[in-house]
Amino acid sequence: MHIVVCIKQVPDSAQIRVHPVTNTIMRQGVPAIVNPYDLFALEEALRLKDSFGGKVTMLCMGPPQAEEALKRCISFGADDAILVTDRAFAGADTLATSYALASAIRQIEKEQAIDLVFTGKQTIDGDTAQVGPGIAKRLSMQLLTYVSRIAELDLANRTITIERRAEGGVQLLKTRTPSLITMLENTNELRFATMPDMIRAARYPVRKWNKDDAGIEDLSKIGLKGSPTVVSKVFGPTPRAVKAEQIPVDKATPRDIAVNLIQAMFTQHPALEQDMLERAPL
Amino acid sequence: MNERFDAIVVGAGPAGNAAAYTMASAGLKVLQIERGEYPGSKNVQGAILYSDALEKIIPDFRDDAPLERHIIEQRMWVLDDESFVGTHFRSDDYNKPPYNRYTIIRAQFDKWFSSKVREAGALLICETTVSELLVDGNRVVGVRCDREGGDIFADVVILADGVNSTLARKAGFHAEISPGNVALAVKEILFMPQEAIEARFNITEDEGVVIEAIGKITDGMMGTGFLYTNKDSLTIGIGCMLADFKGSPNRTSPYAVLERMKKHPAIAPMIAGGEMKEYCAHLIPEGGFYAVPRVFGDGWMIVGDSGGFVNSVHREGSNLAMTTGRLAAETAIAAKEAGKGFGAASLKAYKAALDESFVMKDLHKYRDMPDVFHRNNQFFTTYPELVNRAAKTMITVDGVDKKTKEREIFGDFRQKRSLVGLMGDAFKLWRAFR
Ligand SMILES: Cc1cc2nc3c(=O)[nH]c(=O)nc-3n(C[C@H](O)[C@H](O)[C@H](O)COP(=O)(O)OP(=O)(O)OC[C@H]3O[C@@H](n4cnc5c(N)ncnc54)[C@H](O)[C@@H]3O)c2cc1C
């Protein structure tokens, strides 16, 4: 069995600040981490490896520093790691990123057939949840998003059965492999790396692929050129101008509290009173 | 796992990084273990970087180290409740490269230093705590980490695990640190636009200012405050002896002392509008010369804060940490070359090198300082008040002749402290500084 897990290195958004004057994002000194959602994908892949044997290959597109993120994944037990890194990829949006990753996955496939591709649900710095589906589409793989559990994997018959969280319930789906899974968060708990694995990871020679190694054919589809998304403006959330009104309830009865509340609402929004009067079944 | 290393370094602060870098550069097989998420994630410092100690390890560090500002002005302030008397020393000499001191932000600096360590060939493992030393008879043979398969063996273990050094204590190399020998410091990084900092401190682009303050801000406890300019932030902090916090009659908390300092009329305008980016607290070993434990044995050496190498009078710590780290590393390198093993007989060269260096010489010079200050809290209460009152009396123009004013000031001092007390204090200070 061979699984490819796609990860992204992201700034730890919990530590990002918006510059109070210029409103720009201050990245300086913010540590880079593995996108937390991707770790659920990694753990799920490692569990499959525990049960079925085989190999887990990590794939990441990013700047040279992203090597650290891949090494971290090695420490948890992934077998191989490839960093797709080239100046030509700079400025990629989700469309260009999924093109580049899909192309790299085809190159990996040439080394060894792939049964499953995992990604996280989304990233914490882009929040688009588009890259996984984009890769699946480009590779004509079955797409399984928001997966919460893998119920069964039948390698011989090349089928997989999963649970995915959908609006209003849980879907149980069975489909054929290879397929692409975007893993839901909090569906498993990442293992604790062993000391030998930590040492192996610290030494691991991450493979670095440039655009040619990644098999990129159409240069107009990668980097800034291949990215139709335009960020027109970045702004911090504006604090609300109006503060919530507080109605003291010290010794009032529940009835009085309700009456006061409704009165206050009607005073602020006279149209609301009108509207309710019209609808009220008299 | 049967893999063996030449050396294991516990901790990735300045001491551990200096040791690991020096040994890896000399071709030793080095494993460095850090419990933080990344080097610098747990570390606290003012922070002033002293170039000399780092230059001796990485001569061209200025090329890419994350340095904030080079210091061109040092202010020393004595504060009472509403005023301060002080000296400012500013020299254009400090504006001529190579610069002597810089402000840094430790999280960034440690990350940079660590990247150099790894480039030099040391293996760094983070998020891993060394829980104890592996000992065979008297000899340290490796470390035990808090992970599966966590026993790792090496010829020598260098303890650079910082002020608490639980490892040395567990192994019985150290006694428990006493509250009278450590200061507890709190500090904040306040974000402030670069232009505001430069206008407030009368500096341009990369220039920086350091303010050290003593006086009533510490509420009678032995301690000092500091304020440093970074690129687009200020660092403000204050530290007092842990024993003093414990015995404080007002039950003053570290946080309250800092708040008090921030509100002082001499300080408040300089930090006004600053947005807090980071708040942290940390211990500083301030026992000085007499508190330095045994620093080597069979298969082990202690460097940096874990050996108590801090010159609290001059607020120097990181440079002693780097220097002790380097000297321990050089000892290990020499021991390996000589092929005579890493027993205490080989490693005693480390102690000899320490004694020869500024580290032990400076600690020796100030050996009585901690004790003098600690026993005489008038240095932090009465004197600041007197000095400030004296200045005010002399400077205020109110029709009183200067001679009378002088007499008034002298009377003031006499009233607060007997002549013998005054002379005694002067003598004690003279002796401690000698
Ligand atoms: C508020 C404050 C201001 C200061 N200002 C200055 C200044 O301006 N200039 C100056 O030169 N010095 C200053 N100092 C002192 C300076 O910070 C220290 O002397 C210096 O950091 C000591 O370096 P170190 O490497 O020995 O210890 P540390 O920097 O404390 O590093 C120890 C490392 O070991 C790790 N560690 C600990 N235990 C374990 C374990 N069991 N397993 C694995 N890892 C472990 C820790 O996570 C840490 O990273 C200041 C200190 C404080 C608190």
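Since the model is a prediction, treat every value here as computed from it, not as a measurement.

Calculation rules
Residues numbered from 1 in each chain as written. Chains lettered and ligands numbered in written order. Predicted model: local features only at pLDDT ≥ 70, side-chain atom pairs only at ≥ 80, totals over all residues. Heavy atoms only, no water. Helix = DSSP H or I, 4+ residues; strand = E, 2+ residues; numbered from the N terminus. Rg over C-alpha atoms; globule rule 2.2 N^0.38 Å. Buried < 20%, exposed > 50% of the residue type's maximum accessible area, 1.4 Å probe, protein only. Contact = heavy atoms within 4.5 Å. Areas by Shrake-Rupley, 256 points an atom, 1.4 Å probe, with all protein chains shown as cover. Near = heavy atom within 4 Å. Polar contact = N/O pair within 3.5 Å; in protein donor to acceptor, adjacent residues only side chain to side chain. Core = buried A, V, L, I, M, F, W, Y, C linked by side-chain atoms within 4.5 Å. Buried area = accessible area lost by both parts, 1.4 Å probe. Salt bridge = Lys/Arg side-chain N within 4 Å of Asp/Glu carboxyl O. Nonpolar A, V, L, I, M, F, W, Y, C, P; charged D, E, K, R; others polar. Domains from an automatic or database assignment. 1 Å grid on protein atoms, 1.4 Å probe; cavity = no way out; pocket = protein on both sides within 12 Å on 5 of 7 lines; lining within 4 Å. Points joined across faces, edges and corners; volume = space filled by probe spheres on them. Patch = residues over 30% accessible without salt bridge, like charges linked within 9 Å, V, L, I, M, F, W, Y side chains within 5 Å.

> Would you mind going over the overall build of chain A with me for this structure?
The helix and strand tally for chain A stands at 7 helices and 13 strands. Here the C-alpha atoms of chain A give a radius of gyration of 25 Å, more than 25% beyond the 19 Å that 2.2 N^0.38 yields for 282 residues. Principal-axis analysis of the C-alpha atoms gives chain A an extent of 75 × 50 × 40 Å. Residues classed as buried in chain A amount to 44% of the 282 residues present. At a minimum sequence separation of 6, the contacts of chain A that also span at least 24 residues come to 71%. Of the roughly 15,900 Å² of accessible surface on chain A, 53% is carried by carbon and sulfur atoms.

> Any chance you could explain unusual backbone geometry here in plain terms?
With the exception of glycine, most residues fall at negative phi, and the peptide bonds are largely trans. Looking along the chain, the bond that leaves Thr 177 of chain A and enters Pro 178 of chain A is cis, with omega of 0°. Tracing the chain through its elements places Pro 178 of chain A in the loop between strand S11 (169-176) and strand S12 (179-183). Cis geometry is found at the peptide bond from Pro 97 of chain B to Pro 98 of chain B, where omega equals -5°. Topologically, Pro 98 of chain B is positioned in the loop between strand S5 (84-90) and strand S6 (101-103). Positive phi, normally seen in glycine, also occurs at Tyr 146 of chain A, with a value near 50°. Position of Tyr 146 of chain A relative to the elements: it lies in strand S9 (residues 142-154).

> Looking at this structure, how should I read the site of the ligand?
Residue and element names in this part refer to chain B. Near the ligand you find 37 residues, and of these Glu 34, Ile 48, Arg 106, Asp 305 and Ser 318 are the closest. At 2.9 Å, a backbone N or O of Ala 15 approaches an oxygen atom of the ligand. Between the ligand and Ser 318, the relevant distance is 2.6 Å, taken from an oxygen atom to a side-chain nitrogen or oxygen of the residue. For the ligand, whose unbound accessible area comes to 990 Å², protein coverage reaches 97%. Mapped by element, the contributors of at least two residues to the shell around the ligand are helix H1 (14-25), strand S3 (48-50), strand S13 (223-229), strand S15 (275-285) and helix H9 (318-338). In terms of residue count, H9 provides more of the shell around the ligand than any other element does, 3 residues in total.

> I tried to follow the nonpolar core on my own but got confused; where do I start?
The tendency in soluble globular proteins is for nonpolar side chains to be buried side by side. In terms of nonpolar packing, the biggest core is built from 62 residues, with Met 58 and Phe 118 of chain A together with Val 143 of chain B touching the most fellow members. Broken down by element, this core gets its largest block of residues, 7 residues, from helix H1 (residues 36-52) of chain A. Grouped together as the second largest cluster of nonpolar side chains are 54 residues, Ala 19, Trp 112, Val 117 and Val 156 of chain B included.

> Please clarify how the environment of Asp 81 of chain B should be interpreted in this entry.
All names here are of chain B. Note that Asp 81 resides in the loop between strand S4 (69-79) and S5. Counting along the chain gives 184 residues from Asp 81 to Pro 265, while the straight-line C-alpha distance between them is 8.4 Å. Beyond its immediate stretch of four places on either side in the chain, Asp 81 contacts Lys 216, Arg 260, His 264 and Pro 265. In terms of polar contacts, Asp 81 uses its side chain to reach the side chain of Lys 216, at 3.2 Å.

> Help me understand the interface of chain A and chain B, please; the structure alone is not making it clear to me.
Many authors give the size of an interface as the accessible area that is lost as the parts come together. On the side of chain B, 29 residues touch chain A, which itself brings 20 residues to the contact. Buried surface at the junction of chain A and chain B, both sides included, amounts to about 1,900 Å², of which 60% is carbon and sulfur. Our count for the chain A to chain B interface comes out at 3 salt bridges. Linking Arg 203 of chain A and Glu 3 of chain B is a salt bridge whose minimum nitrogen-to-oxygen distance equals 2.4 Å. Linking chain A to chain B there are 4 residue pairs in polar contact (both at pLDDT 80 or more). When contributions to the side of chain A that touches chain B are tallied by element, the ones reaching two or more residues are helix H2 (67-75) and helix H5 (195-203) of chain A. The biggest single contributor to the side of chain A that touches chain B is H5 of chain A, with 6 residues. Its residues assigned to classes, the side of chain A that touches chain B comprises 12 nonpolar, 4 polar and 4 charged.

> Could you clarify how one ought to interpret the domain arrangement of chain B in this entry?
Residue and element names in this part refer to chain B. In terms of domains, chain B is made up of domain 1 (4-66 + 104-177 + 289-367), domain 2 (180-285) and domain 3 (370-433). If you average the C-alpha positions of domain 2 and of domain 3, the two centres end up 25 Å apart. Counting residues at the interface gives 12 residues for domain 2 and 9 residues for domain 3. For the pair domain 2 and domain 3, the two sides together bury roughly 750 Å², of which 68% comes from carbon and sulfur. Three residues stand out in domain 2 for area buried against domain 3, namely Lys 216, Gly 220 and Met 222, and they jointly supply 61% of the buried area on that side. Our count for the domain 2 to domain 3 interface comes out at 1 salt bridge. A salt bridge links Glu 385 to Lys 216; the shortest N-O distance between them is 2.5 Å. Inspection of the domain 2/domain 3 interface yields 1 residue pair in polar contact (both at pLDDT 80 or more). Those elements that place two or more of their residues in the side of domain 2 that touches domain 3 are strand S12 (207-215) and helix H6 (242-247).

> What's the story with the domain arrangement of chain A in this structure? I'm lost.
Once the domains are mapped, chain A shows domain 1 (2-221) and domain 2 (241-282). On a C-alpha basis, the centres of domain 1 of chain A and domain 2 of chain A stand 51 Å from each other.

> Looking at this structure, how should I read empty space enclosed by the protein?
Residue and element names in this part refer to chain B. Inspection of the entire model under this criterion finds 1 cavity of 30 Å³ or more. One number sums up the size of the largest cavity: a volume of about 70 Å³. Every residue along the wall of the largest cavity is listed here: Glu 286, Gly 288, Phe 289, Val 310, Asn 311, Ser 312, Val 313, Asp 362, Leu 363, Tyr 366, Met 369 and Pro 370. Listed by contribution, the elements that provide at least two residues to the lining of the largest cavity are helix H11 (358-365) and helix H12 (369-375). By residue class, the composition of the lining of the largest cavity is 7 nonpolar, 3 polar and 2 charged.

> What is the right way to look at the side chain of Gln 32 of chain B in this model?
Residue and element names in this part refer to chain B. Position of Gln 32 relative to the elements: it lies in strand S2 (residues 30-33). Its relative accessible area of 0% is what places Gln 32 among the buried residues. A distance of 3.5 Å separates a polar atom in the side chain of Gln 32 from the backbone oxygen of Gly 16. Apart from the residues within four sequence positions on either side, Gln 32 is in contact with Val 9, Gly 11, Ala 12, Gly 16, Asn 17, Ala 20, Val 117, Leu 123, Leu 124 and Ile 125.

> I tried to follow a nonpolar patch on the surface on my own but got confused; where do I start?
Residue and element names in this part refer to chain A. Among the surface-exposed residues, Ile 247, Leu 261, Ile 262, Met 265, Leu 272 and Met 276 lie close enough to one another that they form a single nonpolar patch of about 480 Å² accessible area. Those elements that place two or more of their residues in the nonpolar patch are helix H6 (254-268) and helix H7 (270-279). Broken down by element, the residue count for the nonpolar patch peaks at 3 residues, all from H6. Looking at where Ile 247 falls in the secondary structure, it is placed in the loop between strand S13 (207-209) and H6. Looking at Ile 247, the relative accessible area reads 32%, which means it is partly exposed.

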